[in-house]
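Overview (structure and organization)
For reference, the chains in residue letters:
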Amino acid sequence: MSSSTDELIRRGGDVAVDIHGLRVVRGRRVAIDDLSVRVARGTITGLLGPSGCGKTTLMRCIVGTQLVAAGRVAVLGRPAGSADLRHRVGYVTQDPTIYDDLRVIDNVRYFAALYGTGAAAADEAIVDVGLTDHRTALCANLSGGQRTRVSLACALVSHPELLVLDEPTVGLDPVLRVDLWVKFDELARRGTTLIVSSHVMDEADHCGDLLLMRDGRLLAHTTPAQLRKDSGCQSLEEAFLSVIRDSTAARPAPAG
């Protein structure tokens, strides 16, 4: 399946993430199996698949915190994990990475100080995630959705060129999910590249490009419209299931 990223890169667009032949082994299990993909700058790419399919492992490879067995991962033209990428790549994990005994503003200012961007960047990030009314609240007293937004603010203070978000909307109410996707779209329009993982297929419509994963393999690099066209399904969940059925049928039968 072709994607909008493929077309953009062919027209001379810049590549934000370039992965070739990636293989990751965790314990005795292959977590990522010979994966190759390119992500264009300024796009929202959805990384979709069931829990345990390798989404988090792939994101860790992109931000440079995962040992790899083979292949290469280049981010913004540099090897993933390079020291000079620390201010250019933001990463929001599934669990909020904030200090409960600090106020919202103190958490965000702490990360701003680490990045060298200062108090003004912290104030701007808090406004961006809609937490102005909670800036002096202790993080221990926040709801789950508010804690997620504090983590996002902490990642935004460096003004990252690439923002990697690991299932940022899990457990959030529908209104807050919509608000976050509006924010993600604003960031992309400003030029930030976003990679957002989810196992909720209805979020795929918010993405320009889709990476569909299962069992550590990339099944398809496509778009919502192309996925519907190729599968003949209007429901993206049904379309994904169709891709899974096709990929399973295409596998060679085991020997013996």
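The structure we're discussing is the one just above.
Quick look at the structure, then. Here the residue numbers are simple positions, counted from 1 along each chain's written sequence. With the structure being a predicted model, the display of local features is reserved for residues of pLDDT at least 70 and the display and counting of side-chain atom pairs for 80 or more, all residues being used for whole-chain, interface and lining totals. For the side-chain quantities, the full set of heavy atoms in the structure was used; hydrogens and water were omitted.

Examining the overall build of the protein chain
The line we're drawing: A run of DSSP states H or I qualifies as a helix once it reaches four residues; a run of E qualifies as a strand once it reaches two. Both are numbered from the N-terminal end. Radius of gyration here uses only the C-alpha atoms, and the compact-globule reference equals 2.2 Å multiplied by the residue count raised to the power 0.38. Exposure classes here rest on a 1.4 Å probe applied to the protein chains alone. A residue is buried below 20% of its type maximum, exposed above 50%, and partly exposed in between.
Looking only at helices and strands, one finds eight helices and ten strands in the protein chain. Taken over the C-alpha trace, the protein chain has a radius of gyration of 19 Å; the compact-globule value for 256 residues is 18 Å, and the two agree within 12%. Overall, the C-alpha framework of the protein chain stretches about 65 × 40 × 40 Å when taken along its three principal axes. Burial statistics for the protein chain: of 256 residues in total, 47% are counted as buried.

Concerning the side chain of serine 197
Which entries qualify depends on this criterion: Polar contacts here mean pairs of N or O atoms no more than 3.5 Å apart (in protein, one a potential hydrogen donor and the other a potential acceptor; neighbouring residues in sequence count only if both atoms are side-chain atoms). Whether two residues are in contact is decided by their heavy atoms, any of which lying within 4.5 Å being enough.
Structurally, serine 197 can be placed in strand E8 (residues 193-198). A relative accessible area of 0% means that serine 197 is categorised as buried. Among the polar contacts made by the side chain of serine 197, one reaches the main-chain amide nitrogen of glutamate 167 at a distance of 2.8 Å. Those residues in contact with serine 197, other than ones at most four positions away along the chain, are Leu47, Lys55, Met59, Leu165, Asp166, Glu167 and Pro168.

Here's the deal with the packing of helix H5 (residues 144-156) against helix H6 (residues 174-189)
The following threshold applies: Only C-alpha atoms enter the line fits that serve as axes; for helices the fit covers just the stretch in contact. Angles between N-to-C directions range over 0 to 180 degrees. Angles below 35 degrees are treated as roughly parallel, those above 145 as roughly antiparallel, those between 65 and 115 as roughly perpendicular, and all remaining angles as oblique. Here the nonpolar group is Ala, Val, Leu, Ile, Met, Phe, Trp, Tyr, Cys and Pro; Asp, Glu, Lys and Arg are the charged ones; every other residue, Gly included, is treated as polar.
Look at H5 against H6: their axes get within 11 Å of each other, and the N-to-C directions meet at 10 degrees. It follows from the interaxial angle that H5 and H6 lie roughly parallel. In this structure, H5 contributes Gly145, Arg149, Leu152 and Leu156 to the contact, and H6 contributes Leu176, Leu180, Phe184 and Leu187. Here the residues of the contact of H5 with H6 sort into six nonpolar, one polar and one charged.

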